[in-house]
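For reference, the chains in residue letters:
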Amino acid sequence: MEPVAVALPEVLTGRERLDAPVRWVHVAETAEAARLSSGGELLLATGVGWPSDDAALRRLGRVLVDAGVAGLVLELGAPMPAAPPALVQEFQAAGLPFVVLHREARFVAITEAVHSRIIAEQMVALRARDDIHALFTGLSLRGSPADFIVEQAARVLGSPVVLEDTSHRVIAASGLTASAVAASGVAASGVAASGTGMGGVPASGGGAASAPANASGEDELAGWEQRSRAAHRSAEAGWTIVPVEARGMRWGHLVGLPGEPHPAGRSNVLEQAAVALALSRLSDRDEDEWTRRSHDALLAALLGRRFAGEGGVTARFEAAGFPLAGRRVAGVAVRLRSGTLPVPAAARAVEAARAAGVDAVAGRHPEQPGTLVVAVSARPGRQLGDALFGSIADAVGSVRLDDPAAVVAVGSDARGITGLLSSLEEAVELAAGSAARTDSRLGRRPLIQRVQHRPLLRLVNALGSDPRLLEHTEQLLRPLIEHDLATGGDLVEVLRAYLSHPGNRTRAAAASHLSRSVFYQRIALIEDLLGMDLDDGETVAALHAAVLTRGRTAT
């Protein structure tokens, strides 16, 4: 600072401690005044009231060291032309800064400058705390969901924030990707993206928040349960952990991963966010709300292919309590007879799977709300048999006794996250094709179908997005697609029903919800537009592959 620099300071001892925090600056000219220090002060003196003998100076040094002063600044002059060696030795032994000024200094200018900065920083901290309180109070009043609250906490801190349940399973995580941090708008001024209501909360570190080095979140979430348990036992990990609780009930913890300091205090930010989360939890009528939203988000990201690499999405699934390493996995799709999926269905499916000794994640299909998608993960040696899928169907159907599960479609057994994605897509496509084939003869028993029994569907999924398959589909179905777009027709769906019931036009008509006469007219029109005979086996096979491909790419 300028008032110090003009006095030509020289550091005699404690250079390695010059970064120690200074709580206050105080002028202490006598040994008695120095003795009254309470710790953290930087003392200014001319030595006019100091003792002259070495023994007394050593005692003075020990008193200052024991008082925990931040350091001592001595102005050299007539009262004290040189630093007393005995006092210097005491400070040197303690590793505390001892600074001498070779020119006259204006102590009042020094104290005024330092105190102004301290008070200004305190005011910044107070304003930041007020802004943080306003932000999370507003989120509570608006009934913002848990994942959004976690996202706001990550934006404020400029570092990853994770909400976990009491079993250390990740419910929501934010700030793990470069795009998430960049989108937050946290910069030197600390203003978040418009509409968050933050009102100028200072960002961490006083500069633009930098994105984490790992853009996928794999490093942050890998081995989450073990790392979280270790961090709860010891603060060495540098994590900031606050409980999410209210009315004597604890639902989990909010975890701030290491990052730069925040003017309001990282703990204070997370505590305010935890209060908002607790209020949100109290207002939820569905006790499984957090888990349901978490599973919906996981499955939507996977099915929508919204992930940069396999490692990141694998880490997220495993952190949510769905192990993949060394496991056999499979995708399941469940449809009820009514096509309407009750809210508790996902939680019931997960409970049924866990009761059978299998880990599971379940949620609504992001583009087919009437379809429940379930990912199951089994330890080596445990079978993924019909008994498991029957229990899942019973659990989902028990939500509404008048609406049992109609179809439980099971994809191929697989390994890893890409295998799970393929299996889920197979199950969804199989369920869509099988739902129309169920009838009252099944009674309350669901139709359990495996993709192994649908070799053509397996082939289509194995080929994936091969351009040649897509071109085949476009060439064959273009006349029907263009007709449907122009007239609002349903020829593609009628063809799908026809191909799902080969040789049985009566059942195909029923599946299309058309009278037989209207259905036959549609089939005749399809044959005219395509220029093909639907009684020809090769034609039917080619069209079936095209329809399955179109259904796969549409979902």
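Residues numbered from 1 in each chain as written. Predicted model: local features only at pLDDT ≥ 70, side-chain atom pairs only at ≥ 80, totals over all residues. Heavy atoms only, no water.

Asks: Outline the overall build of the chain, listing residues and values.
Replies: Counting its regular elements, the chain contains 21 helices and 14 strands. Scored against the burial criterion, the 555 residues of the chain give a buried share of 49%. Across the chain, every contact between residues at least 6 apart in sequence was considered, and the portion connecting residues at least 24 apart equals 68%. Just so you have it, the chain exposes about 25,600 Å², and 52% of that area is on carbon and sulfur atoms. (Helix = DSSP H or I, 4+ residues; strand = E, 2+ residues; numbered from the N terminus. Buried < 20%, exposed > 50% of the residue type's maximum accessible area, 1.4 Å probe, protein only. Contact = heavy atoms within 4.5 Å. Areas by Shrake-Rupley, 256 points an atom, 1.4 Å probe, with all protein chains shown as cover.)

Asks: Give me the lowdown on the side chain of Glu-289, citing residues and values where you can.
Replies: Within the secondary structure, Glu-289 sits in helix α11 (residues 289–303). Reaching out from Glu-289, the side chain makes a polar contact with the side chain of Arg-292 at a distance of 2.6 Å. (Polar contact = N/O pair within 3.5 Å; in protein donor to acceptor, adjacent residues only side chain to side chain.)

Asks: Which residues make up unusual backbone geometry, and what are the values?
Replies: Despite not being glycine, His-168 has its phi angle at roughly 65°, a positive value. Note that His-168 resides in the loop between β6 (161–165) and β7 (170–174). A relative accessible area of 9% places His-168 in the buried class. Backbone geometry places His-513, a non-glycine residue, at a positive phi of 60°.

Asks: Account for the sheet that holds strand β2 (residues 24–27), with residues named and values stated.
Replies: If you walk across this open sheet you meet the five strands as β1-β5-β4-β3-β2, and the pairing is mixed. If you trace the sheet from one side to the other, it starts and ends with β1 (9–13) and β2, each paired once. Sheet twist, expressed as the average angle between the axes of neighbouring strands with direction ignored, equals 25°. Relative to strand β5 (residues 98–101), β1 runs antiparallel, the two sharing four bridges. Note on β5: the bridge partner recorded for Glu-10 is Val-100. Together, β1, β4 (71–75) and β5 form the strand contacts of helix α4 (residues 85–94), whose direction differs from that of β1 by roughly 70°. (Pairing = 2+ DSSP bridges. Axes fitted to C-alpha atoms, helices over the stretch in contact; angles between N-to-C directions.)

Asks: Break down the sheet that holds β6 for me, with residues and values.
Replies: Here four strands make up an open sheet; going across it, the order is β7-β6-β9-β8 and the pairing antiparallel. On the outer flanks of this sheet lie β7 and β8 (240–246), each paired with one strand and no other. Within the sheet, the average angular offset between the axes of one strand and its neighbour, ignoring direction, is 20°.

Asks: Requested: an account of the packing of aromatic side chains, with residues and values cited.
Replies: Per the counting criterion, the structure on display carries four aromatic pairs. Look at Trp-224 and Trp-239: their rings are 4.9 Å apart centre to centre, the planes differ by 15°, and that puts the pair in the stacked class. Of this pair, Trp-224 sits in helix α9 (residues 224–233) while Trp-239 sits in the loop between α9 and β8, placing them 15 residues apart in sequence. Above the ring of Trp-290, the side-chain terminus of Arg-281 is found at 5.5 Å from the ring centroid. (Phe/Tyr/Trp six-rings, centres within 6.5 Å; stacked < 30°, edge-to-face > 60°. Lys NZ or Arg CZ within 6 Å of the ring centre and 35° of its normal.)

Asks: Which residues make up the packing of helix α5 (residues 107–142) against helix α10 (residues 266–283), and what are the values?
Replies: Between α5 and α10, the least distance of the axes is 9 Å, while the angle of their chain directions is 15°. When the axes of α5 and α10 are compared, the pair comes out roughly parallel. Relative to α10, α5 is oriented so that their crossing is right-handed. Along the contact surface, α5 presents Arg-129, Ile-132, His-133, Phe-136 and Ser-140, while α10 presents Asn-268, Val-269, Gln-272, Ala-273, Ala-276 and Leu-279. Taken together, the residues of the contact of α5 with α10 sort by class into six nonpolar, four polar and one charged. (Parallel < 35°, antiparallel > 145°, perpendicular 65-115°, else oblique. Left-handed = near helix turned anticlockwise from the far one by under 90°. Nonpolar A, V, L, I, M, F, W, Y, C, P; charged D, E, K, R; others polar.)

Asks: Describe a nonpolar patch on the surface, listing the residues and the values that go with them.
Replies: Taken together, the side chains of Trp-24, Ile-119, Met-123 and Leu-126 make up a nonpolar region of the molecular surface, amounting to roughly 350 Å² of accessible area. Here the element with the most residues in the nonpolar patch is α5; it accounts for three residues. Examined against the element boundaries, Trp-24 turns out to sit in strand β2. (Patch = residues over 30% accessible without salt bridge, like charges linked within 9 Å, V, L, I, M, F, W, Y side chains within 5 Å. Salt bridge = Lys/Arg side-chain N within 4 Å of Asp/Glu carboxyl O.)

Asks: Kindly report on the confidence of the model for the chain, identifying the contributing residues and their values.
Replies: On average, residues of the chain carry a pLDDT of 82, and 85% of them reach 70 or more. Across residues 177–215, confidence stays below pLDDT 50; counting only partners more than four residues off in sequence or on other chains, it has 77 contacts. Segment residues 436–442 is flagged for pLDDT under 50; beyond a separation of four residues in sequence, or across chains, it makes 14 contacts in the model. (pLDDT = per-residue confidence, 0-100.)

Asks: Talk me through the pairing of β4; I want residue IDs and the actual numbers.
Replies: Burial analysis of β4 places five of its five residues in the buried class, which makes it a mostly covered element. On β4, burial covers both faces: Gly-71, Val-73 and Glu-75 on one face and Leu-72 and Leu-74 on the other are all buried. Bridge count between strand β3 (residues 41–45) and β4: four bridges; the pairing is parallel. Residue pairing for β4: Ala-45 is matched across the bridge by Leu-74. Of the crossover connections in this fold, the one passing from β3 over helix α3 (residues 54–67) to the parallel β4 is right-handed. The pairing of β4 with β5 spans four bridges and is parallel. When the sheet's bridge partners are listed, Leu-72 is paired in β5 with Phe-98. For the crossover that starts at β4, traverses α4 and ends in the parallel β5, the hand is right-handed. (Right-handed = clockwise from strand over helix to strand, strands pointing away.)

Asks: Give a description of the packing of helix α17 (residues 467–487) against helix α18 (residues 491–500) that names residues and reports values.
Replies: Relative orientation and spacing of two packed helices are given, respectively, by the angle between their axes and the distance between those axes. Closest axis-to-axis distance for the α17/α18 pair is 8 Å, and the angle between their directions is 130°. Relative to α18, α17 is oriented oblique. Counting all contacts with α17, which are made through Leu-477, Leu-480, Ile-481, His-483 and Asp-484, the residues of α18 involved are Leu-491, Val-492 and Leu-495. Across the contact of α17 with α18, the residue classes break down as six nonpolar, one polar and one charged.

Asks: Could you give an account of the pairing of β8, with specific residues and numbers?
Replies: Residues of β8 alternate between two faces, with Thr-240, Val-242, Val-244 and Ala-246 buried on one and Ile-241, Pro-243 and Glu-245 left unburied on the opposite face. Looking at chain direction, β8 and strand β9 (residues 249–256) are connected through seven bridges and run antiparallel. For Ala-246, the partnering residue across the bridge sits in β9 and is Met-249. Hairpin geometry of β8 and β9 is characterised by an intervening segment of two residues between the two adjacent antiparallel strands and by a positive phi of about 55° at Arg-247.

Asks: Talk me through the nonpolar core; I want residue IDs and the actual numbers.
Replies: Counting residues in each nonpolar core, the largest one holds 30 residues, and the members touching the most others are Phe-136, Val-161, Leu-163, Val-244, Leu-254, Leu-277 and Trp-290. Taken together, the elements giving at least two residues each to this core come down to α5, α6 (146–157), β6, β7, β8, β9 and α10. (Core = buried A, V, L, I, M, F, W, Y, C linked by side-chain atoms within 4.5 Å.)

Asks: I'd like to hear about α3, residue by residue, with values.
Replies: Between its first and last C-alpha atoms α3 spans 20 Å; for 14 residues at 1.5 Å apiece the expected length is 20 Å, and the two agree. For α3, the full list of buried residues reads Ala-56, Leu-57, Leu-60, Gly-61, Leu-64 and Ala-67. The arc that holds every buried residue of α3, seen down its axis, measures 145°, which confines them to one face. Gly-68 sits one or two residues past α3 and shows a positive phi near 75°. (Expected span 1.5 Å × (residues − 1). Arc of directions from axis to C-beta.)

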